[in-house]
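Coordinates in review
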Amino acid sequence: MKRILVVDDNRVIRRVIRQMLETSGFSVEEAADGVQCLNHCREHSVPDGIVLDVNMPEMDGITCLQTMRADPAFRECVIVMCTTQVEIQHIVAALAAGANEYVMKPFTEEILRDKLRTVGLLA
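These lines cover the structure that appears in this document, whether it is placed above or below. (Residues numbered from 1 in each chain as written. Predicted model: local features only at pLDDT ≥ 70, side-chain atom pairs only at ≥ 80, totals over all residues. Heavy atoms only, no water.)

Let's shift gears to the sheet that holds strand β3 (residues 49–53). Reading across the sheet, the 5 strands line up as β2-β1-β3-β4-β5 and stay open at both edges, with parallel pairing between neighbours. Looking along the sheet, the strands with just one partner apiece sit at the ends: β2 (27–31) and β5 (101–104). The average angle at which neighbouring strand axes cross in this sheet is 20 degrees, direction not considered. Running at roughly 165 degrees to β2, helix α1 (residues 11–23) makes contact with β1 (3–7), β2, β3 and β4 (78–83) of the sheet. Against the sheet, helix α2 (residues 34–44) makes contact with β1, β2 and β3, and its axis sits at roughly 155 degrees relative to β1, the strand it touches most. (Pairing = 2+ DSSP bridges. Helix = DSSP H or I, 4+ residues; strand = E, 2+ residues; numbered from the N terminus. Axes fitted to C-alpha atoms, helices over the stretch in contact; angles between N-to-C directions. Contact = heavy atoms within 4.5 Å.)

Turning next to the pairing of β4. In terms of burial, β4 is largely enclosed, as 6 of its 6 residues are buried. Residues of β4 alternate between two faces, with V78, V80 and C82 on one and I79, M81 and T83 on the opposite face, all of them buried. Here β3 runs beside β4; their pairing, made up of 5 bridges, is parallel. Of the residues in β4, the one forming a bridge with V51 is V80. The parallel pair β3 and β4, bridged by helix α3 (residues 61–69), forms a crossover whose chirality is right-handed. Where β4 lies against β5, 4 bridges are found, and the strand directions are parallel. Counterpart to C82 in the pairing with β5 is V103. You can see the chain leave β4, run along helix α4 (residues 88–96) and come back into β5, and the turn it takes is right-handed. (Buried < 20%, exposed > 50% of the residue type's maximum accessible area, 1.4 Å probe, protein only. Right-handed = clockwise from strand over helix to strand, strands pointing away.)

Bringing the pairing of β3 into the picture now. Of all 5 residues making up β3, 5 are buried, and the element is well covered by its neighbours. Across 4 bridges, the pairing between β1 and β3 is parallel. Across the sheet, residue L5 finds its bridge partner in β3, namely I50.

The following block contains the structure:
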């Protein structure tokens, strides 16, 4: 079973994404910000994928993404950015920083599944 870490400062959003991912057969873990994400990965190993919010306290998603991509341990980890920011410059910045895909809130379970298929986490 593939593991996905959901990183978002909003507990309700984490739970909704968790339910969507568990319905699709993933083992799901959670973190509330970029610092918790990095600590979780160091303590429990790097998951197969991360759904990473952009706007968070402590460490935002782009900084977390850049930190992960600078670490060889995260080379194979698929990272999908998740945000309400729809401006093209934010999407370009996330992809340039190493995101594999980008999904905009609000999204449906089917949209999330499509993104996970695109990046190879879901058949």
